[in-house]
Amino acid sequence: VLTTWRNDGQLYRFNQRAGEGPQLIGHDLATALASMLRLSGNTDSAFDPAVGPLVDYWREQPGLAAPPAAGPEVRIASALELNGDRASLLANSALDAGGIGKGLALDAAVDLLLSLGARGAWLNLGGSSQAAFGSDSRGRPWRVAVAALDATTVHGSVLLDGRSLSTSRSRPV
């Protein structure tokens with residue numbers, strides 16, 4: 001749903017139709033876009049998934065330290081309009097779910113496990129995003145090591161119970 005890397009992704013297709021007016025979108029994408037808008041509002045736009053054009057630019061210009069000279073600043077609240085199962089995006093705008101996608105997936109997985117009666121689990125999406133609830137096999141909160149990019153170096157650990165964590169790299173202890 002949230003991939004911008006494959007042309008079969010709903011967010012990829014939505015971004016491709018920026019500037020074309022309201023589009024009918026799927027329920028999962030509508031739910032994700034609502035979460036993006038909520039998080040943007042809760043952070044006074046510090047979290048802004050309307051960074052798609054900037055992300056694309058940096059992918060095409062590796063090693064560039066400064067952003068390109070750009071036109072007017074675009075905030076998600078002004079770039080995206082969502083009304084139920086219809087959404088529109090300003091022309092030349094694009095959303096990037098890299099900052100929220102794994103968190104939404106973890107939330108959905110935790111909700112599913114809880115609805116099925118699970119009392120504890122630790123979930124790991126690619127080493128950078130974890131969620132945990134309940135306790136480990138020893139009856140303690142889940143301890144997660146926060147590792148450096150060099151996997152042999154550990155900066156510390158965090159206890160997770162009913163919480164999630166996003167880092168560059170982490171692993172269970």
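The following paragraphs examine the structure supplied in this document. For clarity, every value in this text was computed on a predicted model and none was experimentally measured.

### Thoughts on the overall build of the protein chain
Helix and strand counts for the protein chain come out as five helices and nine strands. Along its sequence from the N terminus, the protein chain presents helices and strands in the succession α-β-α-α-α-β-β-α-β-β-β-β-β-β. Sorting the 173 residues of the protein chain into buried and exposed places 35% on the buried side. Sequence separation of at least 24 residues holds for 52% of the intrachain contacts in the protein chain that already meet a minimum separation of 6.

### Some words on helix H2 (residues 27–42)
Spanning 16 residues, H2 covers 22 Å between terminal C-alpha atoms, matching the ideal 22 Å at 1.5 Å per step. Buried within H2 are the following residues: Leu29, Ala30, Ala32, Leu33, Ser35, Met36 and Ser40. Among the residues trailing H2, Asp44 stands out with phi positive, at a value near 55 degrees.

### Observations concerning the pattern of salt bridges
The full count for this structure, using the stated rule, is two salt bridges. We note a salt bridge from Asp8 to Arg6, for which the minimum N-O separation is 3.1 Å. On the basis of relative accessibility, which here comes to 46%, the residue Asp8 falls in the partly exposed class. A salt bridge links Asp136 to Arg138; the nearest nitrogen and oxygen atoms lie 3.1 Å apart. Of the residues examined, Asp136 reaches a relative accessible area of 12% and is grouped as buried.

### Here we look at the layout of surface pockets
Taken as a whole, the second largest pocket encloses approximately 360 Å³ of empty space. Taken together, 18 residues line the second largest pocket, and the ones lying closest to its centre are Gly99, Ile100, Lys102, Gly103 and Leu104. At the level of secondary structure, the elements contributing two or more residues to the lining of the second largest pocket comprise H2, helix H5 (101–115) and strand E8 (163–166). A per-element tally of the lining of the second largest pocket places H5 first, with six residues. Broken down by class, the residue content of the lining of the second largest pocket amounts to five nonpolar, ten polar and three charged.

### Thoughts on the pairing of strand E5 (residues 129–133)
Burial within E5 is extensive, with five of its five residues counted as buried. Side chains Ser129, Ala131 and Phe133 project from E5 onto one buried face, and the interleaved Gln130 and Ala132 project onto a second face that is buried too. Inspection of the sheet shows strand E4 (residues 121–125) paired to E5 by five bridges, in the antiparallel sense. Bridging from a neighbouring strand, Trp122 pairs with Ala132 of E5. Counted along the chain from E4 to the antiparallel partner E5, the turn is three residues long, and its residue Gly126 has a positive phi close to 75 degrees. When E5 meets E8, the two strands line up antiparallel, connected through four bridges.

### Structural notes on the sheet that holds E8
What the three strands build is an open sheet, ordered E4-E5-E8; its pairing is antiparallel. Edge strands, defined here as strands with exactly one partner in the open sheet, are E4 and E8. Taken over all neighbouring pairs, the strand axes of this sheet differ in orientation by 10 degrees on average, direction set aside.

### A few points about the sheet that holds strand E2 (residues 80–83)
Two pairing modes exist for strands in a sheet, parallel and antiparallel, and in both the strands are linked by backbone hydrogen bonds. As summarised here, the arrangement of the three strands in space is E1-E3-E2, forming an open sheet in which the pairing is antiparallel. Looking along the sheet, the strands with just one partner apiece sit at the ends: strand E1 (23–24) and E2. For E2 and strand E3 (residues 86–89), the ladder comprises four bridges, and the chain directions are antiparallel. What sits directly across from Glu81, in E3, is Ser88. In the packing of H2 onto the sheet, contacts are made with E2 and E3, and the angle to E2 comes to roughly 125 degrees.

What counts as what
Residues numbered from 1 in each chain as written. Predicted model: local features only at pLDDT ≥ 70, side-chain atom pairs only at ≥ 80, totals over all residues. Heavy atoms only, no water. Helix = DSSP H or I, 4+ residues; strand = E, 2+ residues; numbered from the N terminus. Buried < 20%, exposed > 50% of the residue type's maximum accessible area, 1.4 Å probe, protein only. Contact = heavy atoms within 4.5 Å. Expected span 1.5 Å × (residues − 1). Salt bridge = Lys/Arg side-chain N within 4 Å of Asp/Glu carboxyl O. 1 Å grid on protein atoms, 1.4 Å probe; cavity = no way out; pocket = protein on both sides within 12 Å on 5 of 7 lines; lining within 4 Å. Points joined across faces, edges and corners; volume = space filled by probe spheres on them. Nonpolar A, V, L, I, M, F, W, Y, C, P; charged D, E, K, R; others polar. Pairing = 2+ DSSP bridges. Axes fitted to C-alpha atoms, helices over the stretch in contact; angles between N-to-C directions.

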